[in-house]
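Take a look at the letters that make up each chain.
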Amino acid sequence: EKVENIKTEEYLLGVLAAEMAATNNAEALKAQALAAYTFAYRKATQNKGSEYDLTNDSSLDQGYIDAEGRKAKWGEKQTEYEKKLKDVITAVKDMLIVYDNQPIFAAYHAISPGNTESAENVWGSAYPYLKSKSSAYDLLCPQFLSEVKVTTDDFKAKLKSLGATPGEDAAKFIGKNQKTTAGTVKKITLCGKDFTGSQLRTAFNLRSAAFDLTFSNNTFVFTVNGYGHAVGMSQFGANYMAEQGSTYMDIINAYYDGVKIVKLK
């Protein structure tokens, strides 16, 4: 592990390259750049005094691709895409999304299940600006629905590893499925044991925690809506809005409740 000093613009270029397709509408990319910068600014402020501000681990902070990685990803399009993203970054340079004059936890995800999720339902901590919002455009995304099929034997083995005690009759494994209004599984009972949607998302490698679970023909089937934790801005929704003529400010205000966009002094 090594610590590197990177200029803000270069960092944002690497984050955008990792987190959103460069083919997206420029207004959606500006919203993404603004969210990424605000996220990083807040995190770096919290990490003051430690040896680094941010990591390139997307499960902790944000994804990041360096110049070499961008070349590998984009090939002959690298020059064109880098110019597009640099223009996007320049347009929102030194701007922050704030709530009560504090930089927000600017969460974002790929595709919502049709509504975004409140932070409280996903992470147990409430943020006044991370509430459930309608994002119906996401239903139009070609990747909206996904399916994961698991054989009874594999399902049993997985449940055992999670501390449940499966009986003989697989048809009786699935109990109640409680969902939030946004569609995330809050609690599902399997073999008498309660699990959160997030636990099963991780265990069965699902694209989101918004799913239905059914059993037939010796197979358990997860039908999954959306992609990601569903909190904050939906990237597909942002691009859809941009394609309909919305500005990056419209997008930010649609997904983050009661926020302001300010320029750093």
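In this convention, every chain numbers its residues from 1, walking through the sequence in written order. Reporting of local features is limited, given that this is a predicted model, to residues whose pLDDT is at least 70; pairs of side-chain atoms are given and counted only at 80 or more, and all residues count toward the totals for whole chains, interfaces and linings. By convention in this description, side-chain values take in all heavy atoms of the structure and omit both hydrogens and water.

1. A look at helix 1 (residues 8-19)
Alright, step 1. The end-to-end C-alpha distance of helix 1 is 16 Å, a good match for the 16 Å that twelve residues give at a rise of 1.5 Å each.
Alright, step 2. Two residues form a contact once any of their heavy atoms are found within 4.5 Å. Going along the chain from the N terminus, every DSSP run of H or I of four or more residues is numbered as a helix, and every run of E of two or more is numbered as a strand. Of the surrounding secondary structure, the elements contacted by the buried residues of helix 1 are helix 2 (26-46), helix 3 (67-74), helix 4 (78-91) and strand 3 (108-109). For a helix, the expected span equals 1.5 Å multiplied by the number of residues minus one.

2. Side note on the environment of Tyr127
Alright, step 1. Note on placement: Tyr127 falls in the loop between helix 5 (119-123) and strand 4 (145-151).
Alright, step 2. Residue classification places Tyr127 among the partly exposed positions, given a relative accessible area of 22%.
Alright, step 3. Along the primary structure Tyr127 and Phe222 are separated by 95 residues, whereas in three dimensions their C-alpha atoms are 30 Å apart. Working definition: with a 1.4 Å probe on protein chains only, accessible area under 20% of the residue-type maximum means buried, over 50% means exposed, and in between means partly exposed.

3. Section: the pairing of strand 1 (residues 95-99)
On any regular strand, side chains alternate: one points to one face of the sheet, the next to the other face.
Alright, step 1. The element strand 1 is largely enclosed, with a buried count of four among its five residues.
Alright, step 2. Summarising the sheet, strand 1 and strand 2 (residues 102-103) pair through two bridges and their orientation is antiparallel. The residue of strand 2 that forms the bridge with Tyr99 is Gln102.
Alright, step 3. Two strands pair if DSSP finds at least two bridges between them. Joining the antiparallel neighbours strand 1 and strand 2 is a turn of two residues, in which Asp100 adopts a positive phi near 55°.

4. Some remarks on the side chain of Asn239
Alright, step 1. Mapped onto the elements of the fold, Asn239 is located in helix 8 (residues 235-243).
Alright, step 2. Asn239 sits in the buried class, given a relative accessible area of 16%.
Alright, step 3. Once residues lying within four places of it in the same chain are set aside, the contact partners of Asn239 are Asn24, Asn25 and Ala28.

5. Quick word on the sheet that holds strand 1
Alright, step 1. One open sheet holds the three strands; their spatial order is 2-1-11, and the pairing between them is antiparallel. Looking at which strands have only one partner, the edges of the open sheet turn out to be strand 2 and strand 11 (260-263).
Alright, step 2. When strand 1 meets strand 11, the two strands line up antiparallel, connected through four bridges. What sits directly across from Leu96, in strand 11, is Val262.

6. Quick look at the nonpolar core
Alright, step 1. Within the largest apolar cluster, 49 residues are counted, with the highest numbers of intra-cluster contacts made by Leu130, Met233, Ile251 and Tyr256.
Alright, step 2. Of all the elements in the fold, those that place two or more residues in this core are helix 1, helix 2, helix 4, strand 1, helix 8 and helix 9 (248-255).
Alright, step 3. Ranked by residues supplied to this core, first place goes to helix 2 with ten residues.
Alright, step 4. The contacts of Ile251, once residues within four sequence positions are left out, are Glu27, Ala28, Ala31, Met233, Ala238, Met241, Ala242 and Ser246.
Alright, step 5. To define a nonpolar core, start from buried Ala, Val, Leu, Ile, Met, Phe, Trp, Tyr and Cys residues and group those joined through side-chain atoms within 4.5 Å. With 20 residues, the next largest nonpolar core counts Leu159, Ala164, Phe195 and Phe211 among its residues.

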